[in-house]
Every structure is written in structure tokens, then in C-alpha cells.
There are 2 protein chains.
Amino acid sequence: MPFELTREYIEQLKEAVKSEDEKTAQKMIVDLHPADIAEVFGEISNEEAKFLYILLDGEKAADVLIEMEEDDRENFLKILPGELIAKRLIDKMESDDAADVIGVLSEQKQEEILQSIGDVEQAGDIVDLLSYDEDTAGGLMAKELVMVNENWDMNKCMREIRKQAAEIDELYYVYVVDNEDILKGTLSLKRLLVSRANAKIKNICNADVISVRTDTKSEEVANIMDKYDLVSLPVVDTIGRLIGRITIDDVVDVIREEAEKDYQLISGITQDVEPTDNALLLTRARLPWLLIGLLGGILGAQVISMFEENLKIDPKIALFFPLIAAMGGNVGVQSSSIVVQGIAAKIIDLTSTARKLLKEISVALINGIILSSLCFVYNIVFKTSFELTITVSTALLAVIIFASVFGTFVPLALNKFKIDPALATGPFITTINDIMGLLIYLGIGRLFYDIF
Amino acid sequence: MPFELTREYIEQLKEAVKSEDEKTAQKMIVDLHPADIAEVFGEISNEEAKFLYILLDGEKAADVLIEMEEDDRENFLKILPGELIAKRLIDKMESDDAADVIGVLSEQKQEEILQSIGDVEQAGDIVDLLSYDEDTAGGLMAKELVMVNENWDMNKCMREIRKQAAEIDELYYVYVVDNEDILKGTLSLKRLLVSRANAKIKNICNADVISVRTDTKSEEVANIMDKYDLVSLPVVDTIGRLIGRITIDDVVDVIREEAEKDYQLISGITQDVEPTDNALLLTRARLPWLLIGLLGGILGAQVISMFEENLKIDPKIALFFPLIAAMGGNVGVQSSSIVVQGIAAKIIDLTSTARKLLKEISVALINGIILSSLCFVYNIVFKTSFELTITVSTALLAVIIFASVFGTFVPLALNKFKIDPALATGPFITTINDIMGLLIYLGIGRLFYDIF
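Residues numbered from 1 in each chain as written. Chains lettered and ligands numbered in written order. Predicted model: local features only at pLDDT ≥ 70, side-chain atom pairs only at ≥ 80, totals over all residues.

1. Focus on the overall build of chain A
And then number 1: On a plain count of helices and strands, chain A comes out with 22 helices and six strands.
And then number 2: Its C-alpha atoms give chain A a radius of gyration of 30 Å, more than 25% over the compact-globule value 22 Å for 452 residues.
And then number 3: For the C-alpha atoms alone, the extent of chain A along its principal axes is close to 95 × 65 × 45 Å.
And then number 4: Out of the 452 residues belonging to chain A, those deemed buried represent 46%.
And then number 5: Within chain A, contacts between residues at least 6 apart in sequence are counted, and of these 71% link residues at least 24 apart. (Helix = DSSP H or I, 4+ residues; strand = E, 2+ residues; numbered from the N terminus. Rg over C-alpha atoms; globule rule 2.2 N^0.38 Å. Buried ≥ 20, exposed ≤ 12 C-beta atoms within 10 Å, placed from the backbone. Contact = placed C-beta atoms within 7 Å.)

Written as C-alpha cells, this is what we have:
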């Protein structure tokens, strides 16, 4: 059964570290999975973590570093000497993990570490990987892979694989290339196990291979691996030469991060925060959207004061400000989130924007008529004046339609201009719909109070 | 490069189907990946899909069915005879995919198909899998796996693997069991390739294996596979016997679905909808939350009318209704979403609820003081009366603090009672904060107008 971190465990461990009881401390962590140790490190101070860290053997220490949260790791690496990082840790990592670990450090420390790495080839791989944009296939891939020539037979192939496999953690696929290193196909391990020794690779490999280029966006990589159920995806350069591979565990992180980003935008949070972050970080992540909300509220006050005359005629108009604002906000968020999710899931939608808006309007009409009627009945029952009753119901319908169209249109437009459509969700849509809702409501009110 | 679906392609394909041009139609789809064909099927009518479907060979036809969207598949299966489904399609699927495909059908059709399956063992596997809850490891796992006895040597092991591997699509791990089928360890394929023929399995396998039980929740399964970077996870029964395995591609779907569900709840949508769904479905998904919003708006109107006397004294109080409501709503959504995301990501947080609320209050204080001060300056500049200026700023601070605490507390409480905390995000929090905000604002107003 998986390890579960408890408060008692942490306290006991901190106690052992405090009394410098290496034996107890070691016993408590040595059998844990690196991911669990990384979790433990997130709960204790850097100095305590350092005490425990030197009790781990090199392989495990390297894995723990890979599994740590990025912030934790960055702080932790600061207290370790560069040469130790290079010789005891980076040396034992695959190139993509090593690049991730080194990538967050200062340029000076990066250089110090790269120069201390004994294996020149590995240092070169890491330098190569660091040059790619983090959000592309190049930034996700590892250089270590098992590669065979299409002209070999199974015998030679198996010998080569045994040699190359020693260098990598997990082996899921063997890649087949031609004499120019151009990717030609894959060989599943199942195929390797069941094929005869004299079979030629060219004839048994699967030539129908899906690959991406180094500059393919991470989001696209995640979509491809998800759609085609791939565990490993080869990466090629502009002329098709095999230069790396991406494994599914890295892509799972991309998928989670994408989802978290959209969730944060819709909830009005500007950067990656967690409940465990400190108050200052949390404030900084939340203040920007609240400022926009404040500005919206002030604009709303201005709009209302433009209609002060009407309010004097019937102060009860003010009763329904919150209702109009809330409904506009809710409908707008619903509409924009459906569009954003559709775009994110790459749901192929071949209908035109005009038709999308038309459908959105029909949904808004159905919802609007139901809600307006209910509101109408409420106002009749509670003996609201005729003018106000008809104003509220008409305005509600109009606001729902406006908010739907606006909430649908804005993310579609952003996406067209290659801006993240998720920016149009949450407080942004709510704030604009609040103001527009008031304008519509008070405008309709002025009209109707004049007529009746 | 991956296939990209275009409007032109669909039109051309529809044309070929309409003119019953089998040759063109076949040429257009035969080389596509099953996932791409499934995508194409989502864009054309059931009858058109059926015409194309019979042009595919059995293996590919089965794969296409697995890759189809659940709704599309359900509708499509209705027009295929049960015997064809059983003999041409289910026969070629792994047990988990077969159970997924059959699971959505009516009981009568399920029985019809199960009785037509030639392979009794496979039919039994499917029946077993159908008995598990969809949201557990049992519902995710497949029964097909490669299993070796710990007492065998490598020679016997390789012979067995070759035999068993023929039945499964992809092979990532070999599982090691004892004579009672109790899971003892795993054997990576890399290990298999590099070990000597006379090595005993017991001595070369990795005994440090992470497994789950059939009743482990899908969410937990996803967290474990993600945390420990697993490609395949063995499933055991209550006494530890190996009975299935879950692969990462199924878990990627779980992760995506979880994220989508939370996103939909925060945006006020009650069920899984996509932009391509019809207007009626979209209305049904959106109306429930809008009704709650309407109720909230009406309660808001009631609250305001309780303070009608005060409004008569200073109608300008109404100017700031939208501001107070919007800020309460925004802050509440921010707070609840941070908590919900923390819970979903299983961020270990060993601090007590009291300390969490304390931190939330300090964040609210910082934000609140900044925003209230800005609002104060605005009101001074725009020459708002002293009473109203001080009322708005004080109320804003109070509302921000209330909304923060409430938004943090509710999801934590729901989680404690094993209710999905995500229910507390979005329109729910916004609506309650709207009403409470008005109460706080008008209550403070009454107090201050009396004093000054």
C-alpha cells in the first residue's frame, strides 16, 4: 500500500533530525519512494532536508531531487555546492530531468555545474536541451533512447539494445532509423520478444509512426499522446532525424498544469498558487483581478448615477440591481467556459462562428424566457408596480441574451488572435457583464417608465 | 505528421458516401488511425458512419469503436446487430475496452452480446469487469496481463511471456506472483532483455511494487500513477492476488475528466456538455445554477427592501450595490477555488483548519485594506457624502473578510463530510456572498448613518 504522510511522522522525523540521530532518521526515510521523500522535504525546513539528504545513496538522492516541487527544489539546490550537484546528482539523471533541475538555477550556477559534469556527452545533451523553449516538445524530451538501424537483423539489434538500454531508466519502445538517422519506425518490446533472430528490422518494424518536431507546442504534444494513447513519442528535427523522445509521465504533468491554469483564470487568480503558499504570495496572486472588480464596481456606480433621476421616481428599481448583475455574470461565465473548454479539448467544430452564436442565442432564449417568467410571477405575487415588473423581466431576458453572446464571442475572438481564450473567463466576463447589465436594465427602465 | 480534420475533407467524404462510391470512401479512411476515424464519425451521421464502418477490417473497426466519444458510440451501436458486435468487434478487444463498450448498452443488448461471444473466458472476464463500480480501480483495469511465477527461471519465463504476450496489445511490465497468485513483484522489460537465461525470477524481480485494490477510487489511482510516474499499475483483490492492471492511457482520461468536472462546477454547469451539443442539452446543463442565481437575486431584493427607510434617507447607497456584490463574489470564488485545487492535487497540508482560516484572514486583510483605501480615495475625489464614503469602505473590508472565510470554510467542511468540495465553488459561493454582502453593507450603513 502507498505511503501516507502524517503529522506524527513529520514530528518524529523532525525530532530525530534535531537530536542528530542519524540512525533513526535514516531508518525512517531510506525505504521510502523518492516521490514520498520529496513530499516529506516539502514539509520540513531546508536545513532539516539537507541533514536527511546526505543519508541517501546517490541514485535515490538524484530521484528525490527530480520529484521535488519546483520551488522547494530551487531553494534546496541553493544550499548544495555546485560540484556535488554535478558529480553526485546530475550524473545519475536522464538528460531531460537534469535539464529541468539545472534550468531553474542562476546562469552562474548553471555554468559551474555544467563544467563539473564528468561525462562530456551528457553535459552536451543538457546544454542542447536547455536551448529549447520550455513549452515545446524540445523542452519536454529526453535525449536518451534506444535506436536501431533498419538494415540490421534481430541478432545485432538485440545486442545493440542490451548495450543502449543500460543507460536509460525505462524502455518502452525501440526506434528504427535509416543510415542518416531519419526516423523510420518503431519496434514494440512485444515484437522484440516474439520475433525470430534472423528477421530483418525493416520488415518487422511498425512504419506507421507518429512523431512531433522539437518546436511542437507542449499542449499539442499532450493532445497527440492522449488521443493516440501513446506511452512514448519520438521527437525529430526539421529534416526528420530522430533526436529525442517524450514519455507519458512528463505529459501528464503538462495536462495537469494546463487544467490548473484554466481553473485559476476562471477563479480570478493570476499565478500558480497553492493553499500552503505564504500570505504575501497569495495576496499577489489575487489582488490584480480584485482591482479590475473594483474598477468595474466603480464604473457600475457611475452608470447608476447617470440614471439618478429614474431612481428618484421609483427607488424600488434598486432592489433588482444585484439580481440583474448576478444573472449577467453567471450566464457570461457559463458561456465563456463552455467555449474555452471546447477549444482546450480541441473538440473539432466545423460550424462557423455565426452558427455558434445563433445556437448560443437559442439557449439564452430558452433560459431567459423561463427565468424572466419566474421573475414576473414573483413580482406579481409580491405586488411590485406594473412598470417595474415589466422592466425587470424584459431586462433580465435582454441581459441573459447579451451575456451569452458576449461570453461566447470574446473567447472565440481571443483564440482567433492567438491569445489564450481562458483570459476571457471569470472576473473579466463577470465585471463587464455587471456594467452592461446595469446599463441595459436602467435603459429599459427609463424607456418603460416613460411609456407607461 | 498527425492527421488534421478539415471541413473540406468531411464534405468530400460525405459526397463519396452519398454517391455510394466505396472505392473513394475506403481510400479516404483506410490509412487513418482509429482515433482519427472516430473523430470523423463524430462529424457525420450515424448512417454515413455505418456505410464507412463496414469498409474497415475487424481489428481497426474494433479500435475505432473504442476511440469514439461515449455518446457517439452509444448511438452508433444501436444500429449494429448484437451478433456482429460480439463476433466481429468485442472478440478483438481487451477486456477493459470491451466492458466499456458494452457497459453503456441496455441490459437486454448486453446479454445478447455476451451470449454471442465465442470465447467463454473473455465473456467471463467482461462480466467480472462489468460488476465493478466505474469510478474504481476495478472499473478501470483490464484482465489481460503477463504473469510469471517467482520460482521460474528466465528460460521458462521467456517462453511463457511469448505465449501470453500474443493476447495483449502492449506489454510494459511482466508481473511476478507466487504459487497462490499473490503479487510479489514486477519485471521491467529492460530487465528481461539484459538478464541471463538461468537467473531465477525471484532474484531479479523488483519486489518493491506499488499496487491498488479493486475498490480504490479512480481519483486515487490517478494520483498514485502520476506521483510515482507509473505506466502500468497492478490491481489486487483483498488478499493480494493479482487480478488485473491499469494502464496510463486510461488514467489520463480520468485526470482530464476530473479537471473538467471541477471546471464545470466553478462555471455553473451541472453536467458534461460540449459546445457541439444541441441547444436543449446545453440549456438543461445551465438552467439549474441560473435558478439558484435567480433565487439569490430575489433574496437580495428582499434584503434591500428591509432597508428601504435607509435608501430613502440616502438613495446614493444604491450606487454601490453592484460593487459590494461583485467584490464579495470574486473574493469568495478565489478562496474556494484555492481550497478545492489544493484538495484535488492532494497537497499535503498538515496545518489545522483554524490556522488555514487565520492565514486566509490575513490575506483578506491585506487585499481588503488596499481595495477599501482605493475606494475611499475615489469617494473623496468624487465628493461622496462622508457617511456614505465611510460606509462603503468599511463594508468593503468586512465583505472581503467574510467572503474569504466563508469561501475557505465551506469547501473544507464539505470535504470533511466526504462531499465533493468543488460543489462550493462558482455560482453557489457567488450567490450567498451577494446576499451576505448586501446585508453587511446595508447593516453597516444603518449603523453609521445613525452615528454621524
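2. Section: unusual backbone geometry
And then number 1: The phi torsion at Lys383(A) lies on the positive side, around 55°, for a residue other than glycine.
And then number 2: Structurally, Lys383(A) can be placed in the loop between helix 20 (353-381) and helix 21 (386-416).
And then number 3: Phi angles above zero are rare outside glycine, and Asp229(B) is one such case at about 50°.
And then number 4: Along the chain, Asp229(B) falls in the loop between helix 15 (218-227) and strand 5 (232-236).
And then number 5: You can call Asp229(B) buried: it has 21 C-beta atoms within 10 Å.

3. As for the nonpolar core
And then number 1: In terms of nonpolar packing, the biggest core is built from 199 residues, with Ile324(A), Val399(A) and Ile324(B) touching the most fellow members.
And then number 2: Val399(A) has contacts with Ile324(A), Met327(A), Gly328(A), Gly437(A), Ile440(A) and Tyr441(A), leaving out every residue within four places of it along the chain.
And then number 3: Residues Ala25(A), Tyr53(A), Met68(A) and Leu89(A) belong to the second largest nonpolar core, which totals 32 residues. (Core = buried A, V, L, I, M, F, W, Y, C linked by C-beta atoms within 7 Å.)

4. Focus: the interface of chain A and chain B
And then number 1: Of the residues lining the interface, 100 residues belong to chain A; the matching set on chain B comes to 100 residues.
And then number 2: Element by element, the count of residues in the side of chain A that touches chain B is highest for helix 17 (residues 279-306) of chain A, at 16 residues.

5. Observations regarding the sheet that holds strand 4 (residues 212-213) of chain A
Residue and element names in this part refer to chain A.
And then number 1: On the basis of which strands lie adjacent, the open sheet formed by three strands has the order 4-5-6 and mixed pairing. Two strands bound the open sheet, and with one partner strand each, they are strand 4 and strand 6 (242-247).
And then number 2: Judged from the two bridges that link them, strand 4 and strand 5 (residues 232-236) form a sheet pairing that is parallel. Across the sheet, residue Arg 213 finds its bridge partner in strand 5, namely Val 236.
And then number 3: In the packing of helix 15 (residues 218-227) onto the sheet, contacts are made with strand 4, strand 5 and strand 6, and the angle to strand 5 comes to roughly 135°. (Pairing = 2+ DSSP bridges. Axes fitted to C-alpha atoms, helices over the stretch in contact; angles between N-to-C directions.)

6. Considerations on the domain arrangement of chain A
And then number 1: Partitioning chain A into structural domains gives domain 1 (7-135), domain 2 (147-257) and domain 3 (279-451).
And then number 2: Here domain 1 of chain A and domain 2 of chain A have C-alpha centroids that lie 29 Å from each other. (Domains from an automatic or database assignment.)

7. What about the sheet that holds strand 2 (residues 173-177) of chain B?
Residue and element names in this part refer to chain B.
And then number 1: The sheet built from three strands is open, its strands ordered 1-2-3 with mixed pairing. Among the strands making up the open sheet, the edge pair consists of strand 1 (147-149) and strand 3 (183-188). Direction aside, the axes of adjacent strands within the sheet are offset by 35° on average.
And then number 2: Across three bridges, the pairing between strand 1 and strand 2 is parallel. Among the inter-strand pairings, Asn 149 is bridged to a residue of strand 2, identified as Val 177.

8. Focus: the relation of the copies chain A and chain B
And then number 1: Expressed as a screw transformation, the operator carrying chain A onto chain B has a rotation angle of 180° and an axial translation of 0.0 Å, and the superposed copies differ by an RMSD of 0.1 Å. The transformation relating the two chain copies, once decomposed into turn and shift, fits a two-fold axis.
And then number 2: Interface overlap between copies: 100% of the residues of chain A at the interface are likewise at the interface in chain B, consistent with a symmetric, same-surface contact. (Least-squares fit on C-alpha atoms with pLDDT ≥ 70 in both.)

9. Side note on helix 7 (residues 82-89) of chain A
All names here are of chain A.
And then number 1: Listing the buried residues of helix 7 in full gives Ile 85, Ala 86 and Leu 89. For helix 7, the arc enclosing every buried residue in end-on projection is 120°, short of the 170-degree limit, so these residues lie on one face.
And then number 2: Elements that come into contact with the buried residues of helix 7 comprise helix 5 (58-67), helix 6 (70-78) and helix 9 (107-116). (Arc of directions from axis to C-beta.)

10. Quick notes on the pairing of strand 3 (residues 183-188) of chain A
Residues and elements named next belong to chain A.
And then number 1: With six of six residues buried, strand 3 lies mostly within the body of the structure.
And then number 2: Bridge count for strand 2 (residues 173-177) against strand 3 is five bridges, and the pairing is antiparallel. When the bridges of strand 3 are listed, Val 176 appears paired with Gly 185.
And then number 3: Hairpin connection, strand 2 to strand 3: the antiparallel pair is bridged by five residues, and Asp 181 has positive phi, about 70°.

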